Amino acid sequence: MSILKVENIKKSFGNIEVLKDISFTLEKGEVLSIIGSSGSGKTTLLRCLNFLESAEQGKIFVDDDLLVDFATDSSQKDSQLRQKRLNFGLVFQSFNLFPQYSILKNLTLAVQLLEDVKKNNKEKLKEIDNRAIELLKRVGLEDKVNAYPCELSGGQQQRVAIARALMLSPKILCFDEPTSALDPELTGEVLRVIRELRDGDTTMIIVTHEMNFAKNVSDKVIFMADGIIEETGNPTDLFENPQSPRLKEFLSSSLKD
Amino acid sequence: MSFVQVSIELLEGFLQNCYLFGATLLFSLPLGLVISMGSMSKIKIIKFITKAFVWVIRGTPLMLQLFVVFYVPGLVFGTPMKSRMTAALIAFVINYAAYFSEIYRGGIESIPKGQYEAGQVLGMTKSQIFFKVVLMQVVKRIIPPMSNEIITLVKDTSLARVIAVSEILMQATDFTSKGIIWPLFYTALFFLAFCGILTLLFSYIEKKFDYYRS
């Protein structure tokens, strides 16, 4: 049984076909890295999974149940959509923390709204706070509970964003180039957190430019080019023994620097 | 005419200005938000109508709008405006709502798309995203242009005299017609004091929002 099955996703922006026919599966606890040059469609794929873009065609199955058939469900109700997208969590390249709220509130806000917790339900609020603090500990930021996003470094903000995504216990956690907006010396702390999540059996999809990281952390790698999956396999095969000429070229140019 | 007597009469007039100011804000602030929603609507016809409305209101003098609101109901529909103050209030609310709507629109459109998307992937509804995530950031961004507009409103209220609302400048010109000219200049102090208080209030609010940067 696979936790995620993606079938024949197609997506265009105007006349440009960004995703031509994407299919893959992911098992529970697996980490999938998606690599490829800019414009290859990796981010769009991730955004389709999170319903930030709606594909024209294709199906997504979660736990073998059909979650969405884009061809027929194009006009979904907002409430249905919200339920479905909770299967996925998304960590953005630019963190997108809520600047006006404390770190704690950044984590708890969505849960409070989702579970419709009233202000006087002290017990439930406390429970949610505790869960948030627990997650902040996991990303090593329990001392920043009352800080505001602007007081944190980029790496710390991204770790908060990861904890925030985990608050809703998504089945699959997606990362959209989580370290691309960070200074090189800050990428390490974020990658370390992701690596720890992997050891904790979190199912993840990571769009990344960090080739070494993809190689070390993934169970499976997809190489995308021009909207198709050009090559896929386990990281050792893919990185050490690339088959397609485009992957060879991509690897040699991205490992050069 | 003693100084105290003049002061009392001018103050009576100024209370009219204050009333017009407060009531205009009360109605035009929410109305402006509604209009800004219209001007950002995905439905083309709504967008077109609101844009045209804002164009007409911003493109014609407020003084003219006061005349229109005061005289047109009587001339065209045979139901004259009973209260001059109500007519002034309607004209001011419409005029200021149009200006506020553009300030709101600027504020709302300046919020990065990522804030909406973060709310979406966290399962929030559209209205939750607007009220819990976006609105407070918008408020922080629009405080400076809003203060500007609101301070302009304080002084604009004296335009109501063109339809004979007995506001402070009207009172002062009454004195002038009796040959006493100094009360006219004295009115400046009332406006200055009022705007001074507002300025302090706005800088206090701005400081309140200083605890974070976006």
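This section reports on the structure supplied with the text. These numbers come from a predicted model, not from an experiment.

### Some remarks on unusual backbone geometry
All names here are of chain A.
Here is step 1: A positive phi angle, close to 50°, is found at Asp63, a residue other than glycine.
Here is step 2: Note that Asp63 resides in the loop between strand 4 (57-62) and strand 5 (65-69).
Here is step 3: The class for Asp63 is partly exposed, based on 13 C-beta atoms found within 10 Å.
Here is step 4: One non-glycine residue, Asp64, lies in positive phi territory at about 70°.
Here is step 5: Summarising the element assignment, Asp64 is placed in the loop between strand 4 and strand 5.

### Examining the interface of chain A and chain B
Accessible area lost during the coming together of the parts is what is often quoted as the interface size.
Here is step 1: Each partner contributes to the interface: chain A provides 21 residues, whereas chain B provides 20 residues.
Here is step 2: Residue assignment for the side of chain A that touches chain B shows that the elements contributing at least two residues are helix 2 (78-85), strand 6 (88-91) and helix 3 (103-114) of chain A.
Here is step 3: Across the side of chain A that touches chain B, the residue classes break down as 13 nonpolar, five polar and three charged.

### Quick word on the sheet that holds strand 1 (residues 4-13) of chain A
Residue and element names in this part refer to chain A.
Here is step 1: Pairing in this open sheet of four strands is antiparallel, and the strands run 2-1-4-5 from one edge to the other. Pairing within the sheet leaves two strands with one partner each, and these edge strands are strand 2 (16-26) and strand 5. The mean angle between the axes of side-by-side strands here comes to 20°, regardless of whether they run parallel or antiparallel.
Here is step 2: With seven bridges joining them, strand 1 and strand 2 adopt antiparallel strand pairing. Counted as the bridge partner of Val6 is Phe24 from strand 2.

### Re the environment of Arg138(A)
Here is step 1: Inspection of the secondary structure assignment puts Arg138(A) in helix 4 (residues 122-138).
Here is step 2: It is 9.5 Å that separates the C-alpha atoms of Arg138(A) and Arg159(A), two residues lying 21 residues apart in sequence.

### Some details on the packing of helix 6 (residues 126-156) of chain B against helix 8 (residues 182-208) of chain B
All names here are of chain B.
Here is step 1: Between helix 6 and helix 8, whose axes approach to 10 Å, the crossing angle comes to 165°. Judged by the inter-axis angle, helix 6 sits roughly antiparallel to helix 8. In this structure, helix 6 crosses over helix 8, and the sense of that crossing is right-handed. On the side of helix 6, the interface is formed by Ile143, Ser147, Ile150, Ile151, Val154 and Lys155, while helix 8 contributes Phe191, Phe194, Cys195, Leu198, Phe202, Ile205 and Glu206.

### Digging into the sheet that holds strand 10 (residues 228-233) of chain A
Residues and elements named next belong to chain A.
Here is step 1: Taken in spatial order, the six strands line up as 6-7-8-3-9-10 in an open sheet, and their pairing is mixed. Only two strands of the sheet have a single neighbouring strand rather than two, namely strand 6 and strand 10. Neighbour-to-neighbour, the strand axes of the sheet open up by a mean angle of 20°, direction not taken into account.
Here is step 2: Sheet analysis places strand 6 next to strand 7 (residues 172-176), joined by four bridges and oriented parallel. Each residue of the ladder has a partner; that of Phe88, found in strand 7, is Ile172.
Here is step 3: Contacts from helix 5 (residues 154-166) reach strand 6 and strand 7 within the one sheet, and its direction differs from that of strand 6 by about 170°.

### Things to note about the environment of Asp21(A)
Residues and elements named next belong to chain A.
Here is step 1: Here Asp21 lies in strand 2.
Here is step 2: Between the alpha carbons of Asp21 and Gln93 there is a distance of 25 Å; along the sequence they are 72 residues apart.
Here is step 3: Those residues in contact with Asp21 that sit more than four places away from it in its chain are Asn8, Lys10 and Ile228.

### Some thoughts on the packing of helix 1 (residues 3-39) of chain B against helix 2 (residues 44-59) of chain B
Residue and element names in this part refer to chain B.
Here is step 1: Where helix 1 contacts helix 2, the two axes come as close as 7 Å, and the packing angle between them is 125°. As summarised for this structure, helix 1 and helix 2 are arranged oblique, according to the angle between their axes. Facing Ile35, Gly38 and Ser39 of helix 1, the residues of helix 2 in contact are Ile46, Lys47, Thr50, Lys51 and Val54.
Here is step 2: Each residue belonging to the contact of helix 1 with helix 2 can be placed in one class, and the counts come to three nonpolar, three polar and two charged.

Quick notes on the rules
- Residues numbered from 1 in each chain as written.
- Chains lettered and ligands numbered in written order.
- Predicted model: local features only at pLDDT ≥ 70, side-chain atom pairs only at ≥ 80, totals over all residues.
- Helix = DSSP H or I, 4+ residues; strand = E, 2+ residues; numbered from the N terminus.
- Buried ≥ 20, exposed ≤ 12 C-beta atoms within 10 Å, placed from the backbone.
- Contact = placed C-beta atoms within 7 Å.
- Nonpolar A, V, L, I, M, F, W, Y, C, P; charged D, E, K, R; others polar.
- Pairing = 2+ DSSP bridges.
- Axes fitted to C-alpha atoms, helices over the stretch in contact; angles between N-to-C directions.
- Parallel < 35°, antiparallel > 145°, perpendicular 65-115°, else oblique.
- Left-handed = near helix turned anticlockwise from the far one by under 90°.

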